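# Descriptive analysis of the structure
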Amino acid sequence: GGGGHVENFDFPFDGPFGTYDTNQLQRGLQIYTEVCSACHGLKFVPLRTLADEGGPHLPEDQVRAYSEQFEVFDPELDDMRPGKPVDHFPVSALENAPDLSLMAKARAGFHGPYNLGINQLMNGIGGPEYIATLLISYEDAPSCAPADFPGHYNTAFTAGGYPEECKDEDGHHMYPGSWIAMAQPLSGEDVEFADGHSNELHHEAQDVAAFLMWTAEPKLSQRKQAGFVGVVFLTLLSVLLYLTNKRIWAPVK
Ligand code: HEM
């Protein structure tokens, strides 16, 4: 990414104390399973982690049932068998669709201000915001583009093809974004959620982006907790050292 406009979605895991929302991750998993997995893979994600607390937290029997939908080659059997929780999600089914395991960390939505990193501390680096924005940023191609120009016009995607006809005399792009090989995968009401949660496009995009943030950083909640304990501990230590220092030097003064 970079350059395209990225909307700042409010994610429950934003900010120094943010954590994942289990229900949101489960909805995101459903969207991923029913829509994205037709083309994309998650090859670095072990299926068993779907049971993790702080993650989608599915019951063990559901994780087993989920795993069994995949056919896996087992070198020990020298044959195919149904997937198990120890296996990983499959690789991408479509050759030019990138694996999405780490995509939320491979893309950044916010660039700067670099000085204090306050924006990054409060909002993260914007990977999931970029993914959610990408999914809602398909538009009709501007009329300058030849009808047969390959790809789909997306105002958030900047790494794709761009027709010469849509550049000005200086070679600058006259319209934001570029042309992406992925056709618009979500249009709203693509899935039905068991909990009746809204399946408007904006919500679906946000939920699947949250799920992909979890696949990219499954220990985010634990990391933030450990960081908080560390800061409290160091603050306490600083106070004790200050007092100790005063006492040691008291006779000299
Ligand atoms: C690329 C997400 C469904 C085919 C991508 C990228 C993301 C993404 C984040 C990378 C964009 C970048 O490089 O910055 C998703 C999500 C989906 C979904 C969340 C489900 C809601 C699909 C489906 C297909 C597909 C169903 C195939 C029919 C592709 C292809 C690319 C791509 C071919 C490469 C595009 C390019 O580099 O021009 N997708 N995708 N995706 N996706 Fe999807």
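Further up the page is the structure itself.
Predicted model only: the values in this text are computed from it and were never measured. (Residues numbered from 1 in each chain as written. Predicted model: local features only at pLDDT ≥ 70, side-chain atom pairs only at ≥ 80, totals over all residues. Heavy atoms only, no water.)

### Here's the deal with the layout of surface pockets
Of the voids in this model, the largest pocket is the one considered here, and its volume is about 540 Å³. Around the largest pocket, the lining comprises 25 residues; the ones closest to its centre are His 40, Pro 98, Leu 134, Ile 180 and Met 182. At the level of elements, helix 5 (127-136) and helix 6 (201-216) are the ones that each hand at least two residues to the lining of the largest pocket. Per-element accounting of the lining of the largest pocket gives the leading share, 4 residues, to helix 5. Here the second largest pocket defines a volume of roughly 370 Å³. Lining the second largest pocket are 25 residues, with Gly 15, Gln 120, Leu 121, Arg 223 and Lys 224 positioned closest to its centre. It is helix 7 (residues 220-249) that provides the largest number of residues to the lining of the second largest pocket, a total of 6 residues. Looking at the lining of the second largest pocket residue by residue, the class counts come to 12 nonpolar, 7 polar and 6 charged. (1 Å grid on protein atoms, 1.4 Å probe; cavity = no way out; pocket = protein on both sides within 12 Å on 5 of 7 lines; lining within 4 Å. Points joined across faces, edges and corners; volume = space filled by probe spheres on them. Helix = DSSP H or I, 4+ residues; strand = E, 2+ residues; numbered from the N terminus. Nonpolar A, V, L, I, M, F, W, Y, C, P; charged D, E, K, R; others polar.)

### A closer look at the coordination of the iron atom of the ligand
Around the iron atom of the ligand, the donor atoms from the protein are His 40 (NE2) and Met 182 (SD), and they sit 1.9 to 2.1 Å away. Considering all 6 donor atoms around the iron atom of the ligand, the spread of angles at the metal, 86 to 178 degrees, places the coordination shape in the octahedral class. Taken together, the positions of His 40 in the loop between helix 1 (22-34) and helix 2 (60-67) and Met 182 in the loop between strand 4 (178-180) and helix 6 put the pair 142 residues apart, joining distant regions of the chain. We classify His 40 as buried; its relative accessible area is 11%. Relative accessible area serves as the criterion here: at 25%, Met 182 is assigned to the partly exposed category. (Donors = N, O, S within 2.8 Å, 3.2 Å for Na, K, Ca; no water. Tetrahedral: all angles 85-135°; square planar, octahedral: opposite > 155°, others 65-115°. Buried < 20%, exposed > 50% of the residue type's maximum accessible area, 1.4 Å probe, protein only.)

### Quick look at the site of the ligand
What surrounds the ligand is a group of 21 residues, the closest being Cys 36, Cys 39, His 40, Tyr 130 and Met 182. Separating an oxygen atom of the ligand from a side-chain N or O atom of Arg 107 is a distance of 2.8 Å. Contact distances for the ligand include 2.8 Å between an oxygen atom and a backbone N or O atom of Ala 181. In this structure the site holding the ligand corresponds to the largest pocket. With 3 residues, the top contributor of residues to the shell around the ligand is helix 5. Residues belonging to the shell around the ligand are distributed by class as follows: 18 nonpolar, 2 polar and 1 charged. (Near = heavy atom within 4 Å. Polar contact = N/O pair within 3.5 Å; in protein donor to acceptor, adjacent residues only side chain to side chain. Sits in = over half its atoms within 2 Å of the grid points.)

### Focus: the pattern of salt bridges
Counted by the stated rule, this structure contains 7 salt bridges. Its salt-bridge partner being Arg 27, residue Asp 207 comes within 2.7 Å of it at the nearest N-O pair. A residue pair is termed long-range when its members are at least 10 positions apart, and Asp 207 in helix 6 and Arg 27 in helix 1 qualify at 180 residues. Taking relative accessible area as the criterion, Asp 207 reaches 2% and is therefore assigned buried. With a closest N to O distance of 3.1 Å, Lys 167 and Glu 164 form a salt bridge. Judged by its relative accessible area of 24%, Lys 167 falls in the partly exposed class. (Salt bridge = Lys/Arg side-chain N within 4 Å of Asp/Glu carboxyl O.)

Function cannot be inferred from these measures alone, as they are strictly geometric.
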